[in-house]
Amino acid sequence: MAVLSVVQAQNIQNNSSSNHANKFEQLGTLLPTPNEQRTASGAPGPKYWQQRVDYDIKCELDEANNTLSGSETITYFNNSPETLSYFWMQLDENQHSTVNNANYQNQNTLPQQTTDKVLDRFEENKGDNGYGVKITKLTDVAGKFIKYTINKTMMKVDLPAPLKPGQKFVFKVDWNYKIVNRGDFIRFGGARGGYENFSDDNNNNYTITQWYPRLCRYSDDQGWQNHQFTGTGEFTLCFGNFKVQMTVPADHIVGATGECQNYAQTLSATQMARWQKAQTVKEPLQIVTLDEALEASKQKSSRKKTWIYKADNVRDFAWTSSRRFVWDAMPVMIEGKKVMTMSYYAKEAYPIYSRYSTKVVAHTLKSYSHFSVPYPYPVAISVEGNQGMEYPMISFNPGRALPDGSYSEGAKNAAILVIIHEVGHTFFPMIVNSDERQWTWMDEGLNSYLQYLTQELWDNKFPSQGGPPFTITDYMKLPKDELEPIMTNSENIKNFGSNAYDKVATGLNILRETIVGRELFDNAFREYSKRWAFKSPAPADLFRSLEDATGEDLDWFWRGWFYGTDACDISIDTVKYAVPDVTAMPNQMNDTTYYRPLAKPDVNAFEDLSKIRNKTDKRIVFETDKDTALRDFYWNYDRAIEKYDSTKFPVPVKATTEPLDEEGKKKYGSKHLYEITFSNKGGLVMPIILEWTYKDGTKEVERIPAQVWRKNEKKIIKTFLKDKEVASVTLDPYKETADIDESNNTFGDIKTPGKFKVFKQKQNMTPQQGINPMQKAKEKKGF
Ligand SMILES: [Zn+2]
């Protein structure tokens, strides 16, 4: 190999040919311009505002017909600086209507075989299946009808008079709908709410969600939400206070968002005593036991009972009802405040839920409160509903055992991780109220990230996905036409879980562990959570807050990981190896006063258009230079290049180096220099993390930040000085960067070393800098 000086080796990276694109440029106009509502720091601005909506709802569950009817009084507070002439409301149950659904079509192909149920669905779609919300009355408080128009899953309410800033408007809506059978997967698979029938005792579990007509969010950055509900993009709502009265069969147990106001009327004396005892227990205590639930499932009460719940400062309200439920509870203290953690589950889930559910809820609140904001609500509930879905203070989760009561480790872990995830959603997006209808990733991704941290704190060996970078590589290496950026609307995502959940969680974990560091990143994530708790952040508010609070320009990371689809694939192309020649003689060894020619005078010899015009342009002759002789002097003084003769004006320069002394030989005689060429094959820029394995078997890890790629995004060369001889070098030994091809990450074939010369640098012996050579010449000439 070529012999290099140490100085050359250090600088070669800067001389490599440029291959600069935009990977390290600012996001610029990709982000909205900061304003008085949303600042450049990512925080809510001094004029941030949001609407408030309070609900007072009475509803009744008809178990025989599986219908729900309700009557609600809505109080809308216009906190915006604008006058509103109409409201938009969400009628999410219209998702199941064959006439009022959002009609966001999916592709389908001719089947080779099918069932009558599938063909029934084609038939049903031709007419009105009777599902969806029926609005029976919409009036103001005085009972005067208000005009409304239904547009698929949304409803426009025309206000009788414009609603000015600072004013409130109260109105009433009566409605009913047929509850879907969630067990009918062909027709209603994935439904957020509905009933599930159990044929062994012919009873239903009801999960009542997205059920009452809800106000859409009106905001500074979106105006009225106008994205229809298709079942994918969830929702965004306003905060407000709820009072909800649910009339259900008298033998049902109800769990809901908020605190029950009338346990004294709804619980038996025994249950009430257990509830009071549960306020101070250390382990979950059953308020309704399995035996009692089994007994209750044997017959159906014809009487009714009304459960009254209240919840303050929530964006939604959901509930569950069944006579099949076991119910347990345990308090947990969050920053000195008691929260009742509870679970509702039937016999199918008893083996897993009675052991784990409420304990997992408590662990989740502690962990999320540590990493984001302290849990602010008085209760947190996990309901076994055979699927995962979240609402404020209440979540529905899976976790059933086999008929003999046994369960696999996989089923247990699935229950635990989904409970963590769905309970975690009370933080994101139920407290940090991002717009799920626009950005699935803003709540699912952030929540999956904290879910991952919470799982690891539950069990350090938990089989986590979405967090460890190596678990995302199968997704990242998919062909480009199967990938879309994280910054993609909820309805348009192909690989929903990998894109909006796992890739986001992994990216945040990479920021935490590899790019920013735990302490700074954890504080920044808390800062974002605190800034936007009970407010509505947009993506730019997250990106800006995390940069603002870490002191790191992360635009390159948002650009690559969130706005792009490139994967990380860094390869080690070559490793060159050299050892020092410590006995080398500098070229000018004995010549301590060699002569160095002066530089030529520094003039622009070519007369461009400006110079030509300047000579004749009268306008630029200054007042003091009116005398053209003076101007000519300035322009022509002593810079006749043809007269310059460098040999006449030598400047003595002393040699800057000499051979290494004994100390230097001892210090550097046994060093090793390695020059590595890396190429970026995947396109995504990432830090370079190197593990050196020395010939003596020891290892060392070295970290180079991603900015090493900023002047050449495709190929870089870097040289390393090592004390010991290297056997091999490996990229990303802890699998931190989601590198999709590890076959080019190790280089062990290091060739016989070349040599590089090392000299002793002499201090203060470089020529004087900053002396104008002409000045020097004039001094010599004596003028
Ligand atoms: Zn989720």
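About the criteria used
Residues numbered from 1 in each chain as written. Predicted model: local features only at pLDDT ≥ 70, side-chain atom pairs only at ≥ 80, totals over all residues. Heavy atoms only, no water. Helix = DSSP H or I, 4+ residues; strand = E, 2+ residues; numbered from the N terminus. Buried < 20%, exposed > 50% of the residue type's maximum accessible area, 1.4 Å probe, protein only. Contact = heavy atoms within 4.5 Å. Areas by Shrake-Rupley, 256 points an atom, 1.4 Å probe, with all protein chains shown as cover. Core = buried A, V, L, I, M, F, W, Y, C linked by side-chain atoms within 4.5 Å. Donors = N, O, S within 2.8 Å, 3.2 Å for Na, K, Ca; no water. Tetrahedral: all angles 85-135°; square planar, octahedral: opposite > 155°, others 65-115°. Axes fitted to C-alpha atoms, helices over the stretch in contact; angles between N-to-C directions. Parallel < 35°, antiparallel > 145°, perpendicular 65-115°, else oblique. Phe/Tyr/Trp six-rings, centres within 6.5 Å; stacked < 30°, edge-to-face > 60°. Lys NZ or Arg CZ within 6 Å of the ring centre and 35° of its normal. Pairing = 2+ DSSP bridges. Expected span 1.5 Å × (residues − 1). Polar contact = N/O pair within 3.5 Å; in protein donor to acceptor, adjacent residues only side chain to side chain. Salt bridge = Lys/Arg side-chain N within 4 Å of Asp/Glu carboxyl O. pLDDT = per-residue confidence, 0-100. Left-handed = near helix turned anticlockwise from the far one by under 90°. Nonpolar A, V, L, I, M, F, W, Y, C, P; charged D, E, K, R; others polar.

Notes on the overall build of the protein chain
Phase 1 of the analysis: Along the protein chain, the regular secondary structure elements total 18 helices and 35 strands.
Phase 2 of the analysis: Taken over 783 residues, the protein chain has a buried fraction of 51%.
Phase 3 of the analysis: A separation threshold of at least 6 residues defines the contact pool for the protein chain, and within that pool the share at least 24 residues apart is 78%.
Phase 4 of the analysis: In the form shown here, the protein chain has an accessible surface area of approximately 37000 Å², with 50% of it arising from carbon and sulfur atoms.

Observations regarding the nonpolar core
Phase 1 of the analysis: Membership of the largest hydrophobic core comes to 184 residues, with the highest contact counts inside it found for Trp211, Trp319 and Trp441.
Phase 2 of the analysis: Counting residues in hydrophobic clusters, the runner-up holds six residues, among them Val582, Leu660, Leu673 and Val758.

Quick look at the coordination of the zinc ion
Phase 1 of the analysis: Within the protein, the zinc ion binds to His421 (NE2), His425 (NE2), Glu444 (OE) and Glu444 (OE); these donor distances fall in the range 1.9 to 2.7 Å.
Phase 2 of the analysis: Here the zinc ion is ringed by four donor atoms whose angles at the metal span 53 to 151 degrees, and the overall shape comes out irregular.
Phase 3 of the analysis: Read in sequence order, the donor residues coordinating the zinc ion give the pattern H-x3-H-x18-E.
Phase 4 of the analysis: Residue His425 is classed as buried on the basis of its relative accessible area, which comes to 0%.

Focus: the packing of helix α9 (residues 440-458) against helix α13 (residues 539-550)
Phase 1 of the analysis: Running from N to C, α9 and α13 point in directions that differ by 45 degrees, and their axes come no closer than 10 Å. The orientation of α9 relative to α13 falls into the category oblique. Of the residues in α13, those in contact with Trp441, Met442 and Leu446 of α9 are Pro539, Leu542 and Phe543.

Topic: the packing of aromatic side chains
Phase 1 of the analysis: A complete count under the given rule lists 53 aromatic pairs for this structure.
Phase 2 of the analysis: Geometrically, the ring pair formed by Tyr345 and Tyr350 is tilted, given 6.0 Å between the ring centres and 50 degrees between the ring planes.
Phase 3 of the analysis: By relative accessible area, Tyr345 is classed as buried at 0%.
Phase 4 of the analysis: On the basis of relative accessible area, Tyr350 is assigned to the partly exposed category, the value being 22%.
Phase 5 of the analysis: With a centroid separation of 5.2 Å and an interplanar angle of 35 degrees, the aromatic rings of Tyr368 and Phe427 are classed as tilted. With a gap of 59 residues between them, Tyr368 in helix α7 (residues 350-371) and Phe427 in the loop between α8 (409-424) and α9 connect regions that are remote in the sequence. One exposure class covers both Tyr368 and Phe427, and it is buried.
Phase 6 of the analysis: Linked through ring pairs, Phe24, Trp441, Phe543, Trp556, Phe557, Trp558, Trp561, Phe562 and Tyr563 together constitute an aromatic cluster.
Phase 7 of the analysis: The ring centre of Phe77 lies 4.2 Å from the NZ or CZ of Arg52, which sits over that ring.

A look at the pairing of strand β23 (residues 394-397)
Phase 1 of the analysis: Of the two faces of β23, both are covered, the one formed by Ile394 and Phe396 as well as the one formed by Ser395 and Asn397.
Phase 2 of the analysis: When strand β21 (residues 379-384) meets β23, the two strands line up parallel, connected through four bridges. Across the sheet, Ser382 pairs through a bridge with Ser395, a residue of β23.
Phase 3 of the analysis: The turn joining strand β22 (residues 389-391) and β23, which pair antiparallel and follow one another in sequence, is formed by two residues; a positive phi near 70 degrees is taken by Met393.

Structural notes on the side chain of Thr266
Phase 1 of the analysis: Relative to the elements of secondary structure, Thr266 occurs in helix α4 (residues 263-266).
Phase 2 of the analysis: Beyond its immediate sequence surroundings of up to four residues, Thr266 is in contact with Cys260, Lys305, Thr306 and Trp307.

Some thoughts on α9
Phase 1 of the analysis: Counted at 1.5 Å a residue, the expected span for α9 with its 19 residues is 27 Å, and the 26 Å between its end C-alpha atoms agrees.
Phase 2 of the analysis: Counted residue by residue, α9 has 17 buried out of 19 residues, so it is predominantly covered.

Concerning the environment of Trp224
Phase 1 of the analysis: As for its placement among the helices and strands, Trp224 is situated in strand β12 (residues 223-224).
Phase 2 of the analysis: Taking C-alpha positions, Trp224 is 8.1 Å from Phe87, a pair spaced 137 residues apart along the chain.

Observations concerning the sheet that holds strand β7 (residues 168-178)
Adjacent strands of a sheet pair through backbone hydrogen bonds, lying either parallel or antiparallel.
Phase 1 of the analysis: Strands sit in the order β4-β7-β2-β1-β13-β17-β15 across an open sheet of seven strands; the sheet is mixed. One side of each edge strand has no neighbouring strand; the edge strands of this open sheet are β4 (134-140) and β15 (259-260).
Phase 2 of the analysis: The sheet contact formed by strand β2 (residues 67-77) and β7 spans eleven bridges and is antiparallel. Across the sheet, the residue bridging to Thr75 is Val170, located in β7.

Side note on unusual backbone geometry
Phase 1 of the analysis: Cis geometry marks the peptide bond from Phe428 to Pro429; its omega dihedral reads 15 degrees.
Phase 2 of the analysis: Summarising the element assignment, Pro429 is placed in the loop between α8 and α9.
Phase 3 of the analysis: Although it is not a glycine, Asn103 adopts a positive phi angle of roughly 55 degrees.
Phase 4 of the analysis: Tracing the backbone shows Asn103 in the loop between β3 (84-90) and α2 (116-124).

Considerations on the pairing of β7
Phase 1 of the analysis: What you see with β7 is a clean split: Phe169, Phe171, Val173, Trp175 and Tyr177 sit on the buried side and Lys168, Val170, Lys172, Asp174, Asn176 and Lys178 on the side with no burial.
Phase 2 of the analysis: With six bridges joining them, β4 and β7 adopt antiparallel strand pairing. Counterpart to Asp140 in the pairing with β7 is Phe171.

Things to note about the side chain of Asp201
Phase 1 of the analysis: Along the chain, Asp201 falls in the loop between β8 (194-198) and β9 (203-208).
Phase 2 of the analysis: Asp201 gets classed as buried once you look at its relative accessible area, which sits at 18%.
Phase 3 of the analysis: Here the side chain of Asp201 touches Asn203 through a polar contact of 3.1 Å, landing on its backbone nitrogen.
Phase 4 of the analysis: Setting aside anything within four residues of it in sequence, one finds Asp201 in contact with Ser297, Arg324 and Lys347.

Considerations on the pattern of salt bridges
Phase 1 of the analysis: Overall, the coordinates contain 50 salt bridges when judged by the stated rule.
Phase 2 of the analysis: We note a salt bridge from Arg518 to Glu513, for which the minimum N-O separation is 2.7 Å.
Phase 3 of the analysis: Taking relative accessible area as the criterion, Arg518 reaches 46% and is therefore assigned partly exposed.
Phase 4 of the analysis: Of the residues examined, Glu513 reaches a relative accessible area of 34% and is grouped as partly exposed.
Phase 5 of the analysis: Through salt bridges with shared partners, a single network forms among Arg38, Arg217, Asp220, Asp221 and Asp541.

With respect to the confidence of the model for the protein chain
Atomic detail in the predicted coordinates should be set aside for any region of low pLDDT.
Phase 1 of the analysis: Residues with a pLDDT of 70 or more make up 88% of the protein chain, whose mean pLDDT is 90.
Phase 2 of the analysis: The model gives residues 589-596 a pLDDT under 50, and that stretch makes 17 contacts with residues more than four places away or in other chains.

So, the packing of α9 against helix α11 (residues 496-515)
Phase 1 of the analysis: Two elements in contact, α9 and α11, have axes separated by 8 Å at closest approach and are oriented at 55 degrees. The orientation of α9 relative to α11 falls into the category oblique. Helix-helix and strand crossings are classified by hand; for α9 and α11 the assignment is right-handed. Seen from α9, the contacting residues are Thr440, Trp441, Glu444, Gly445, Leu446, Ser448, Tyr449, Tyr452 and Leu453; seen from α11, they are Phe496, Ala500, Tyr501, Val504, Ala505, Leu508, Asn509 and Arg512.
Phase 2 of the analysis: Grouping the amino acids of the contact of α9 with α11 by side-chain chemistry returns eleven nonpolar, four polar and two charged.

Notes on the sheet that holds strand β6 (residues 154-163)
Phase 1 of the analysis: Taken together, the four strands give an open sheet; going across it, the order is β5-β6-β3-β10, and neighbouring strands pair in antiparallel fashion. Every interior strand has two partners, whereas the edge strands, β5 (148-151) and β10 (214-215), have only one.
Phase 2 of the analysis: Strand direction decides the pairing type here: β3 and β10, joined by two bridges, are antiparallel. Along β10, the bridge assignment pairs Gln90 with Arg214.

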